[in-house]
Amino acid sequence: MLREYGGRQVTVNDEGFMTDANQWTPAIADAIAGEAGLTLTPEHWKVIAFCREDAAREGQPPGLRRISKLSGVGTKELYALFPKGPGKLAARVAGLPKPHGCV
Amino acid sequence: MTTTLLEAPARSAAAPARAPIEHLAIICSKGTLDMAYPGLILANAARMSGIDATLFFTFWGLDIVTKKTVDRLHVPTVGNPSMHIPTLVGGLPGMESLATTMMQKQMEKLDIPPVQEMLEILSDSGARLYACRMAMDMFGRKKEDLVPQVEEVISAMDFFEKAAGAQVLFI
């Protein structure tokens, strides 16, 4: 389905995850975050940048453990940044599919 | 002969949406590696989805959070119907450590951390970990014998208070 984020039409699935990571722009991230009640800070952007880079490299969105191990943002901080479930929210804001892993 | 298929009721906008799970409370009562992971992984998945998680370690589940045993949990090869090997073979020397090593390797491949690290992640994620007072007394363990991620030693009645509003799962 189509949704308007940051003044652009993007395709998302029924869980609200973007289906084409190439349509993503930082303005879209701001809009998706706003929808979840978040205001993005430089720390959020660090996580988002890591998720996008890692997903481009690995072909799948990183799980939380991977983010905390490799991005320099620890588990506690990730939960503070994305209180309503960092597992899904970080990927959604970064315009990536929902991660499959459980850790 | 005609068969009438009952139509599944369509989910209309008027139908009340199913309430999402907000709190998961897991009672971990087994201390083998294959029974430790399910509770820990489920609790972690809950936290990752924004669901509160409370864990209560009781009976052999205490081994999961005891300093001396946390890194030494085993996969049992005798009396474990999921092993699909004859009991006699399972009892041969070395079988248990072989099965344990295999499971640890498999977990590593899936990027699932060792139990100790899993407990750290859970604690950092805001999950609450408690140990059962009665089981502690039964096994003669003290709070200082447990990993620091365990917040408190509490009774079963206390646990039910901590689990208010939760879906309770027994493993």
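Just so you know, these numbers come straight off a predicted model, no measurement behind them.

All right, on to the overall build of chain B then. Assigned secondary structure in chain B consists of six helices and five strands. Since a compact globule built from 171 residues should have a radius of gyration of about 16 Å, the 20 Å found for chain B marks it as more spread out than a globular shape. Projected onto the principal axes, the alpha-carbon positions of chain B cover approximately 60 × 45 × 30 Å. With 15 positive and 19 negative side-chain charges, chain B shows a spacing of 2 Å between the two charge centroids.

Turning our attention to the packing of helix α1 (residues 33-48) of chain B against helix α3 (residues 95-109) of chain B. Residue and element names in this part refer to chain B. Where α1 meets α3, the axes come as close as 11 Å, and the angle between the chain directions of the two elements is 25°. Relative to α3, the element α1 is oriented roughly parallel. For the pair α1 and α3, the contacting residues are L33, D34, Y37 and I41 in the first and T100, M103, Q104 and M107 in the second. When grouped by side-chain class, the residues that make up the contact of α1 with α3 number five nonpolar, two polar and one charged.

On the surface, a nonpolar cluster with roughly 500 Å² of combined accessible area is contributed by F59, W60, M134, M138 and F139 of chain B. Assignment of secondary structure puts M134 of chain B in helix α5 (residues 133-139).

Bringing the pattern of salt bridges into the picture now. Per the counting criterion, the structure on display carries 11 salt bridges over all chains. A salt bridge links E117 of chain B to R65 of chain A; its shortest N-O distance comes to 3.0 Å. Taken together, the residues E117 of chain B in helix α4 (residues 115-124) and R65 of chain A in helix α3 (residues 64-70) connect one chain to another. What makes E117 of chain B partly exposed here is its relative accessible area of 25%. Looking at R65 of chain A, the relative accessible area reads 8%, which means it is buried. The partner of D52 of chain B in a salt bridge is R47 of chain B, with the nearest N and O atoms 3.9 Å apart. We classify D52 of chain B as partly exposed; its relative accessible area is 44%. Look at the salt bridges and you will find they share partners, linking D54, R57, E58 and R66 of chain A into a network.

Attention now goes to unusual backbone geometry. Unusually for a residue other than glycine, F59 of chain B sits at a positive phi of about 45°. Classification of F59 of chain B as partly exposed rests on a relative accessible area of 31%.

Residue and element names in this part refer to chain B. Its place among the elements puts M95 in helix α3. The class for M95 is buried, based on a relative accessible area of 19%. Linking M95 and T77, residues 18 residues apart in sequence, is a C-alpha distance of 6.8 Å. Ignoring any residue separated from it by four or fewer positions in sequence, one finds M95 in contact with T77, I85, V89 and G90.

Analysis parameters
- Residues numbered from 1 in each chain as written.
- Chains lettered and ligands numbered in written order.
- Predicted model: local features only at pLDDT ≥ 70, side-chain atom pairs only at ≥ 80, totals over all residues.
- Heavy atoms only, no water.
- Helix = DSSP H or I, 4+ residues; strand = E, 2+ residues; numbered from the N terminus.
- Rg over C-alpha atoms; globule rule 2.2 N^0.38 Å.
- Lys, Arg positive; Asp, Glu negative; His and termini not counted.
- Charge placed at Lys NZ, Arg CZ, Asp CG, Glu CD.
- Axes fitted to C-alpha atoms, helices over the stretch in contact; angles between N-to-C directions.
- Parallel < 35°, antiparallel > 145°, perpendicular 65-115°, else oblique.
- Contact = heavy atoms within 4.5 Å.
- Nonpolar A, V, L, I, M, F, W, Y, C, P; charged D, E, K, R; others polar.
- Patch = residues over 30% accessible without salt bridge, like charges linked within 9 Å, V, L, I, M, F, W, Y side chains within 5 Å.
- Areas by Shrake-Rupley, 256 points an atom, 1.4 Å probe, with all protein chains shown as cover.
- Salt bridge = Lys/Arg side-chain N within 4 Å of Asp/Glu carboxyl O.
- Buried < 20%, exposed > 50% of the residue type's maximum accessible area, 1.4 Å probe, protein only.

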